[in-house]
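# Understanding the architecture of this molecule
As a plain string of letters, each chain reads:
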Amino acid sequence: MSQPPSPPSLPTAHLLADLGGEAAEAPTPPASDAAVEQALTRWHELLGQLGRELAEPLTAALERVTTLTTTGRIDRTGLRALRDEVDRARQAGIWAQQIARLASGRIRQSHERVHLTHTVQSVLAYRARELHGRGIQLTQSLQPIEVQLDASMLFSLLNALVDWWLDAAQGMVELRIDTRDWPAHARLHCRFQHHPPDQSAPPSAEALQARLGTMHWHLLDQTARSLGLVFDRQIDPSHAQLTLEFPQTVQALVAQVEAEEPDHGFTDSVNSKPLAGSHVLVVASRRDLRVQMREATRSMGLVVDFVGSVSEAAEFCREGLPHAIVFEGALRDLAFEQLAAGIRQEVPEFVFIELLDGGQSFEISTISPTGMARVGRDAIASALPSALVYELSRVM
């Protein structure tokens with residue numbers, strides 16, 4: 001992959017603004033002074049938003065520190081609030097660093113064939129608990145489509161999109177994936193209400209900027225530009241609509257419903273990384289087993305976390321559920337059964353894969369007597385990727 005050319009002067013000089021209902025395409029050299037002015041305006045907005053997202057939590061934190069130095073006391077609630085305020089400011093700084101790095105044009109992207117629809121479904125499943133907690137519901141109409149781009153940056157883009165919803169959406173988010181007639185480019189559309197329905201007065205320009213111009217939006221904006229996507233954001237007093245167009249569309253896949261055999265037919269799916277970005281938690285106390293797991297899943301584009309015990313797994317899941325749990329069979333005890341029952345109560349089709357002590361066995365969940373997929377330790381390298389693709393594709 002050749003390295004993108006460096007911008008001619010300012011790091012922002014090749015970027016067009018996205019203000020209100022204006023469309024933007026990246027990266028395109030500015031054709032006029034007006035385009036440069038639009039780019040500068042966008043960066044001025046970013047700097048203003050960064051200042052707000054730094055100043056607000058740091059001001060509150062400073063007040064708490066002042067009180068602490070005066071009284072010499074702080075309770076547990078105040079200490080937790082202080083930590084959260086400092087963490088918010090730190091996170092704003094991290095976002096600014098990410099945006100600057102993307103805008104520099106020096107990121108080397110690995111263009112590969114990625115299943116856009118599977119990746120969207122993967123991110124939505126991973127963030128489902130947060131969306132539900134904010135009262136956000138999704139309506140989806142997703143055509144199966146593949147695109148050619150950097151898989152990890154696509155995953156970052158989609159997570160930034162969800163973060164933007166969490167900042168601004170009220171109630172329902174409409175999500176659609178389709179293709180243009182000509183050129184046949186994949187498009188991802190989302191539309192949501194940003195103004196609370198019980199408030200009749202339209203929001204002011206300042207309120208709209210605070211709600212829709214967050215650091216999450218700026219990160220989404222810059223990631224889309226760096227990926228070379230065409231995007232259009234439309235905002236009115238009650239709704240926001242965003243369309244992301246993918247010029248490097250591989251093909252619009254024909255939806256098929258086929259009975260897949262558990263022992264063949266997975267190679268192409270694994271190689272094309274249909275589950276790139278999916279989150280898998282591995283529960284294994286033995287280091288050699290963790291090494292086998294890491295090697296078996298290295299080429300799949302998964303996000304894999306490791307814990308050594310059932311109690312650590314329970315603690316991990318309290319922060320948010322992964323898409324699947326792969327666990328060492330020797331750790332299957334009452335505590336694990338309670339953890340699995342609690343997860344299944346929340347997500348009935350949640351994917352569990354048990355690693356047996358030995359042998360070449362491979363059973364998918366639909367025929368396993370435990371209702372969980374099972375893979376023998378001697379078959380981890382050959383069967384575990386197939387098991388993950390089969391089980392996760394079945395429920396996503």
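Here the structure is shown first, and the text comes after it.
Residues numbered from 1 in each chain as written. Predicted model: local features only at pLDDT ≥ 70, side-chain atom pairs only at ≥ 80, totals over all residues. Heavy atoms only, no water.

## A closer look at empty space enclosed by the protein
Tallying each qualifying case throughout the model produces two cavities of 30 Å³ or more. Each pocket or cavity is described by its volume, and for the largest cavity that value is around 40 Å³. Forming the walls of the largest cavity are Val120, Val123, Leu124, Leu158, Leu161, Val162, Trp165 and Leu175. Every element with two or more residues in the lining of the largest cavity is listed here: α3 (116–126) and α5 (151–168). Per-element accounting of the lining of the largest cavity gives the leading share, four residues, to α5. Partitioned by chemical class, the residues of the lining of the largest cavity number eight nonpolar, no polar and no charged. In this structure, the second largest cavity spans a volume of roughly 30 Å³. If you trace the second largest cavity, you find it lined by Arg286, Leu289, Glu328, Gly329, Leu355, Leu356, Asp357 and Arg377. (1 Å grid on protein atoms, 1.4 Å probe; cavity = no way out; pocket = protein on both sides within 12 Å on 5 of 7 lines; lining within 4 Å. Points joined across faces, edges and corners; volume = space filled by probe spheres on them. Helix = DSSP H or I, 4+ residues; strand = E, 2+ residues; numbered from the N terminus. Nonpolar A, V, L, I, M, F, W, Y, C, P; charged D, E, K, R; others polar.)

## Comments concerning the nonpolar core
Grouped together as the largest cluster of nonpolar side chains are 48 residues, with contacts concentrated most on Trp164, Trp165, Phe192, Leu242, Leu244 and Phe246. Taken together, the elements giving at least two residues each to this core come down to α2 (76–103), α3, β4 (145–150), α5, β5 (172–179), β6 (186–193), α7 (215–226) and β8 (239–246). Here this core gets 13 residues from one element, more than from any other, and that element is α5. Ignoring any residue separated from it by four or fewer positions in sequence, one finds Trp165 in contact with Leu124, Leu131, Ile136, Leu138, Val173, Leu175, Cys190 and Phe192. (Core = buried A, V, L, I, M, F, W, Y, C linked by side-chain atoms within 4.5 Å. Buried < 20%, exposed > 50% of the residue type's maximum accessible area, 1.4 Å probe, protein only. Contact = heavy atoms within 4.5 Å.)

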